[in-house]
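These are the residues of each chain, in order.
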Amino acid sequence: MFVATRYGSAIYPGERTVDAIDLEIIYQSTQQIARELTVNMLRTGYSNTIKESLDFTFCVFDRQARLVAQGIPQPLHIGPISEQVREVHRLFGDKFVAGDAIIVNHPYRAAQNHATDVTVISPIFYEGELSGYIGNTAHKPDFGGMVPGTNSPAATELFQEGLLLPPVYLFRAGELNADVYEIICANTRTPEVTWGDVNAQAQTNVYGVQKFSELFRKHGVENVIDCWSQWMDICESELRKQIARLPKGNYGPEIDCLDDDGVNRDQPLSIGCSLEVLEDNTLHFTLTSDRQAKGPLNLRPCVSRSIIECWVKMAFGQSVPVNDGLARVVKITYPEEGSLLNPRFPAPVNMYTRPSVVVSAVCCRVLGRVMPDIMPAPASGSSGGFTGSATNPRNGKWMSFHEIYVGGGGARPNGDGVSAQDDLALNILNTPVEAMETEFPVQIDRYGLLPDSGGAGKFRGGLGAVRDWHNLADEMVCNLRTDRFKHSQTGVFGAKPAQPSHALRNPGKEHEESMFSKVAGMRLKKDEVVSWRLAGGGGWGNPLERDMERVREDVKQGYVSVAAAKRDYGVVIDTVSLEVDQGATTALRSKMKEEVTA
């Protein structure tokens, strides 16, 4: 069978021919529906996690449970949703009727990131036949568990991490399963908000089923399904063409580590990645790690697959969509069960984003060995969550917020990293100050970029962010879930390490206190402050090769201090005029180069 597309001509055996124009129109329509679902959820969700952070993802699957398209994604969700839809298809596929919906959040039953990411899966029926699935995952600010906000950095087993739901019916033939509703509301400190988000997920799926019925009616259901299948083949074919240009062989390993697991604070946790470019134009990644952590930093394999596929998409297939074809060019070997990257039930997993960004860093570095002129330095990997729960003095209601903040992006081979925009595996927005202060008893005393935090290099790493939360409630229970306080991003090709993260309780006051990166159940009194200062991204190249005018501009903008300009870049800047002392700079850089080569 011969199909002409905007990607050229290709042969895809075993499928019915879809007209090239229909191929484009149908698939673009599919992607548009996925985007519409994202907007619908954004407008109907209850929590700030949905409305402001966009910590949710919608995906579309065919009748064989193969990924077809995604909405505006949180990339870490895509792998778990795919695993869940395949398992739900296996368990319920021949039992489903129109109007059904399954809910699941169990990390070891059909796979999940952690228990506060809750997935709702709805079958798509057209003229009585199962024709596909819609799956979405959304984070909940509170889903039970041992601390308000659910995700405790001190958890040592899964059962401490909130309500666990295996795949069960949320709706049957359009009717709510009232028992599940009661169970959910009885196991959250914020039932109105939590159920509001779950219901928004389910009802948005209903809207999506209606939109796909319209698409099937317009183009023919078999024509649509064949189009989806052919686009998977197109994605695979185009990626293999790009991989074919690489030199075959082995690269790596690249090794990085987490500070600790929040329980054993003196024990770092290592993660490694190697890459083999195979003769059949497949990329074989081999992951290694320490044994599974006692604390909640374990990572399910479905999540690390998402991260690796995300990097492959960015490196090789920027012009093709994400679908099942992407998975066909990636092979992954995981460490044995009982490892940090392949934990054994019931190992806790609620801080899964911490190992996720380290997996991302080592994957980025190993791809950088193959394509040094394309790949950036790794981002800071310092992102994480800060949660607070209290009785709101304005209305007497219990509230819970979950904020996610990020460090700096990695420098690129031809430019600086983006500030306050961390790893590509995370696609979460910050919560605006106005939204926080309007809805919660919190005052944001400080929010901005952190000077000198980016890794020094020919191209500088992006700066991390700093945010100060001032508690206005009588008492607030807080949790901090982050990393990179001890092991900051090292950068690549001669760059210097980025500044590590740190956090302070009551900064600048007599009783100022340095915090650990993982804090559970901290009780803040009224008017106490938490200041979280996130690391910068990795630099790219030798900082002594950075254009001195770019260093001067960084100093003028407040991104780099005068002292750091001299120490890290060998650029001497007058503290008053902020002009470069050319003679002193030339002499200093010459001396620093001699010291390096000595």
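Residues numbered from 1 in each chain as written. Predicted model: local features only at pLDDT ≥ 70, side-chain atom pairs only at ≥ 80, totals over all residues. Heavy atoms only, no water.

1. Concerning the side chain of D483
You can see D483 is positioned in the loop between strand 18 (475–481) and strand 19 (502–505). For D483, the residues in contact, after removing those within four places along its chain, are L258, D259, D260, R354, S382, S501, S517 and K518. (Helix = DSSP H or I, 4+ residues; strand = E, 2+ residues; numbered from the N terminus. Contact = heavy atoms within 4.5 Å.)

2. Digging into helix 1 (residues 20–44)
The end-to-end C-alpha distance of helix 1 is 37 Å, a good match for the 36 Å that 25 residues give at a rise of 1.5 Å each. Where helix 1 begins, one side-chain oxygen reaches toward the backbone nitrogen of I21, 2.9 Å away; that side chain belongs to D19. (Expected span 1.5 Å × (residues − 1). Polar contact = N/O pair within 3.5 Å; in protein donor to acceptor, adjacent residues only side chain to side chain.)

3. Some remarks on the packing of aromatic side chains
Taken as a whole and assessed by the stated rule, the structure comprises 21 aromatic pairs. Arranged with centres 5.7 Å apart and planes meeting at 85°, the rings of F159 and F345 form a pair that is edge-to-face. Residue F159 is found in the loop between strand 7 (129–139) and strand 8 (168–172), and its partner F345 is found in the loop between strand 13 (330–333) and helix 9 (353–370); the two are separated by 186 residues along the sequence. We classify F159 as partly exposed; its relative accessible area is 49%. Through successive ring pairs, a cluster of aromatic residues spans F386, F401, Y405, F440, Y447, W469 and W532. Sitting over the face of the ring of F516, R265 holds its NZ or CZ atom 3.9 Å from the ring centroid. (Phe/Tyr/Trp six-rings, centres within 6.5 Å; stacked < 30°, edge-to-face > 60°. Buried < 20%, exposed > 50% of the residue type's maximum accessible area, 1.4 Å probe, protein only. Lys NZ or Arg CZ within 6 Å of the ring centre and 35° of its normal.)

4. Quick word on helix 13 (residues 582–597)
In a regular helix each residue adds 1.5 Å, so 16 residues correspond to 22 Å; helix 13 covers 23 Å between its end C-alpha atoms and thus fits that length. If you check which residues of helix 13 are buried, you get T585, L588, R589 and M592. Projection of helix 13 onto a plane perpendicular to its axis shows the buried side chains occupying an angular sector of 100°, all on one side. Residues of helix 13 that are exposed and point over 90 degrees away from its buried face: T586, E594 and T597. (Arc of directions from axis to C-beta.)

5. A short note on the nonpolar core
Ranked by size, the top nonpolar core spans 66 residues in total, and within it L275, L283, F285, V312, F316 and L367 carry the most contacts. Ignoring sequence-local partners within four residues, the contact set of V312 consists of L239, L283, F285, G317, L326, V329 and V330. Counting 32 residues, the second-largest nonpolar core is a separate cluster that includes I33, V60, V68 and V209. (Core = buried A, V, L, I, M, F, W, Y, C linked by side-chain atoms within 4.5 Å.)

6. Quick look at the packing of helix 1 against helix 5 (residues 191–219)
Where helix 1 meets helix 5, the closest approach of the two axes is 9 Å, and the angle between their N-to-C directions is 155°. Relative to helix 5, the element helix 1 lies roughly antiparallel. Helix 1 and helix 5 meet at a crossing whose hand is right-handed. In this structure, helix 1 contributes I25, I26, S29, T30, I33, E36, L37, N40, M41 and T44 to the contact, and helix 5 contributes D197, A200, Q201, T204, Y207, G208, K211, F212, L215 and H219. Of the residues that constitute the contact of helix 1 with helix 5, the class distribution is nine nonpolar, eight polar and three charged. (Axes fitted to C-alpha atoms, helices over the stretch in contact; angles between N-to-C directions. Parallel < 35°, antiparallel > 145°, perpendicular 65-115°, else oblique. Left-handed = near helix turned anticlockwise from the far one by under 90°. Nonpolar A, V, L, I, M, F, W, Y, C, P; charged D, E, K, R; others polar.)

7. What about the pairing of strand 6 (residues 117–126)?
Buried residues dominate strand 6, accounting for 10 of its 10 residues. By the alternation rule, side chains of strand 6 split into D117, T119, I121, P123 and F125 and V118, V120, S122, I124 and Y126, which are all buried. One ladder, built from three bridges, connects strand 5 (residues 101–104) with strand 6; its direction is antiparallel. Note on strand 6: the bridge partner recorded for I103 is V120. One ladder, built from 10 bridges, connects strand 6 with strand 7; its direction is antiparallel. The residue of strand 7 that forms the bridge with P123 is Y133. Hairpin connection, strand 6 to strand 7: the antiparallel pair is bridged by two residues, and E127 has positive phi, about 50°. (Pairing = 2+ DSSP bridges.)

These results come straight from atomic positions and should not be treated as a statement about function.
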